[in-house]
Amino acid sequence: MILTLPSRSGAPALEINTSRLTVIGANGAGKTRFARALAASLGERAFAMSALRALYDREAPASPAPGSIDSLYAEAVGRSALVRPDRLGEFDRLTALLVGEAVGALMSERYEAGVSAGPVRLDTVIDRWERLFPGNRILVQYGRLLVDSSPAAPGSAAYSAARLSDGERAVLYYLAAVLYAPAGGVVFVESPEMFLHASVVRRLWDDVERLRPDCTFVYITHDLAFAATRADSDIIWVKSCDTERGTWDYDRLAAAEGLPDDVYLAILGERRPVLFVEGDGVHSFDAKLYPLIFPEFTVKPIGGCKQVIEATRSFNGLRTFHNLDAYGIVDRDRRADAEVAYLRRRHVLVPDVAEIENIFLIEPVVRIMAEIGGRRPGKVFDAVRSNLLHLFRSQLRRQALEHTRHRLKKEVAVRIDGRFDTVEALEKHVSTLLLTLNPRGIYGSLRREFTSYADGGDYASILRVFNHKSMITETRVAQLCGMRDCDKRAYIGAVLDMLRTDRPEAEAMRAAMRDTFKL
């Protein structure tokens, strides 16, 4: 959705095409006023959620905004005797809406033999809440929500949902409230981290977003650890507000630049290990893929492979200060096994594929995408492998030459890096390099090795050594998997979309990708 942001001090207002926006800033910077101004410009498309208001502002006047929980509650009371009319506060009104809808569904015989013909909102909320708090069950009894935390004796110690902890009620509130947002709306969330333990924040908001993929989410927070959990978010940094003029001093933090140093250091408060990756966070696939494969890490795009290696070394050198581990990921490219082993010993992970695009072609991924597309996985993979073998054979000599060039470049750099007392000694050393390096011998050995991969149909080894940016397109994997859009980015996008789900296929795909790093 295209959002036109509020007026900007000394600069034109920004327009952003986004599905997720995080507004960050210090206390008192004006980020809440900023969000309210943005919401006002959207009219009935805006939908606000605040656990603080819902749980503790019971005496506040009901919101008259069309589509708000208070308005929906008032409408439900007016048309149905099943919704209790005496509820105060947004949380209680929301639970009354949920229970009233569920009871109405039962009475209208939408449930047959205890099985719903189409789940009501309460079913969805209960399912998601119980996943986040295993060992607890939500029950509906006499129009009330009860919680049972005694699985050994079901129902014996059930208590009112009003007695849940603030965090448990906040999770219940967010999961339920988002289901009432207007179709295609913009959901504004004030202080989304409030009341929540760090262990549940990421999973909760991933769940909430999955419940409403049609909506755009705008988060307003000063908690930079929370901002780090919204990996693909556009970020607005609100610095100050001129209340008289109704303008703000703010900047868009482009993902290509990453977060500034002061923000990044604050993110370390999340206390999770750091994963430095290549790319700029916008155009590269690294920043999109690796948070989905390694959700336990804070992923930081940092540029090229040299920057990744140096950042990992420097960060781990300060481990006594922050007590966190840092890892890096670089493409294998044309690195020899000895170089890969050296990097891995220094916490720089190197996958068993030549470049990141190749990871989307590993056998388990192709088979899963084929099955999702309604095709026969074995037949599709055989066709992709055949296409890859043909493509590799056509470029085998060029690939062997590029690998030879890379190895010579590394070897020359090492040999010339030695100390020499005179220029004559350096000249003599350089003059002997051609004989000692033996480029023809290296090239011949690599050609034989690559030919054995092609002749033996060694698909995995070819992916490990074959650098070719258009490989996904030329293997026709998208067409073979039944995709209408056969563009490389469309296929990669479909894989990323699958990894964002909680389907078993996503977990299998994630595990297969992690295996390429030999963790």
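What counts as what
Per chain, residues are indexed from 1 in the order of the written sequence. Given that the model is predicted, a residue must reach a pLDDT of at least 70 before its local features are reported, and side-chain atom pairs must reach 80 or more before they are shown or counted; all residues, however, enter totals for whole chains, interfaces and linings. Working from all heavy atoms in the structure, the side-chain values ignore hydrogens and water. Counting from the N terminus, the helices are the DSSP runs of H or I reaching at least four residues and the strands are the DSSP runs of E reaching at least two. Only protein chains enter the area calculation, which uses a 1.4 Å probe; residues under 20% of their type maximum are buried, those over 50% are exposed, and those in between are partly exposed. The contact criterion used is simple: two residues touch if any of their non-hydrogen atoms lie within 4.5 Å. Each axis is a line fitted through C-alpha atoms, taken for helices only over the stretch in contact, and angles between the N-to-C directions span 0 to 180 degrees. Any angle between 65 and 115 degrees counts as roughly perpendicular, while under 35 counts as roughly parallel, over 145 as roughly antiparallel, and the rest as oblique. Per residue, pLDDT captures the predictor's confidence, and it can take any value from 0 to 100. Paired rings are identified among Phe, Tyr and Trp, the last through its six-membered ring, by centres lying within 6.5 Å, and are further divided according to the angle between planes into stacked (under 30 degrees), edge-to-face (over 60) and tilted (the rest). Placement of a positive charge over a ring is assigned whenever Lys NZ or Arg CZ falls within 6 Å of the ring centre and within 35 degrees of the normal to the ring plane.

Section: the overall build of the protein
Then, number 1: For the protein, the count of helices and strands is 24 helices and 17 strands.
Then, number 2: Taken across its 519 residues, the protein has 45% of its residues classed as buried.
Then, number 3: Considering only contacts in the protein between residues 6 or more positions apart, those separated by 24 or more positions represent 65%.

So, the packing of helix α10 (residues 286–293) against helix α24 (residues 504–515)
Relative placement of two packed helices is described by the angle separating their axes and the distance separating the axes.
Then, number 1: For the pair α10 and α24, interaxial distance at closest approach is 9 Å and the crossing angle is 105 degrees. One element, α10, and the other, α24, form an angle in the roughly perpendicular class. When α10 is examined against α24, the residues Leu289, Leu292 and Ile293 are found in contact with a partner set consisting of Arg510, Met513 and Arg514.

Digging into the packing of helix α23 (residues 488–499) against α24
Then, number 1: Between α23 and α24, whose axes approach to 8 Å, the crossing angle comes to 110 degrees. Relative to α24, the element α23 is oriented roughly perpendicular. Of the residues in α24, those in contact with Val495, Met498 and Leu499 of α23 are Glu505, Ala506, Met509, Arg510 and Met513.

As for the confidence of the model for the protein
Then, number 1: With 88% of its residues at a pLDDT of at least 70, the protein reaches an overall mean of 85.
Then, number 2: Taken element by element, the predicted model of the protein shows its lowest mean pLDDT in strand β6 (residues 115–116) (43) and its highest in helix α15 (residues 377–394) (97).
Then, number 3: A low-confidence stretch, residues 111–118 stays under pLDDT 50, and its non-local contacts, those more than four residues away or across chains, total 10 contacts.
Then, number 4: Segment residues 254–263 is flagged for pLDDT under 50; beyond a separation of four residues in sequence, or across chains, it makes 15 contacts in the model.

Brief notes about the side chain of Lys31
Then, number 1: If you trace the backbone, Lys31 turns up in helix α1 (residues 31–42).
Then, number 2: When sequence neighbours within four positions are dropped, the list of residues in contact with Lys31 reads Val23, Ile24, Gly25, Ala26, Ile220, Thr221, His222 and Val238.

Focus on the packing of aromatic side chains
Then, number 1: In the structure shown here, the tally under the stated rule is 19 aromatic pairs.
Then, number 2: An angle of 85 degrees between the planes, with centres 5.7 Å apart, marks the rings of Phe297 and Tyr327 as edge-to-face. Placement of the pair is Phe297 in the loop between α10 and β15 (298–301) and Tyr327 in strand β16 (residues 326–329), with a sequence separation of 30 residues.
Then, number 3: Through pairs of rings, three or more aromatic residues link up here, namely Tyr173, Tyr174, Trp205, Phe217, Tyr219 and Phe226.
Then, number 4: The cationic tip of Arg8 hangs over the ring face of Tyr250; the distance from NZ or CZ to the ring centre is 5.3 Å.

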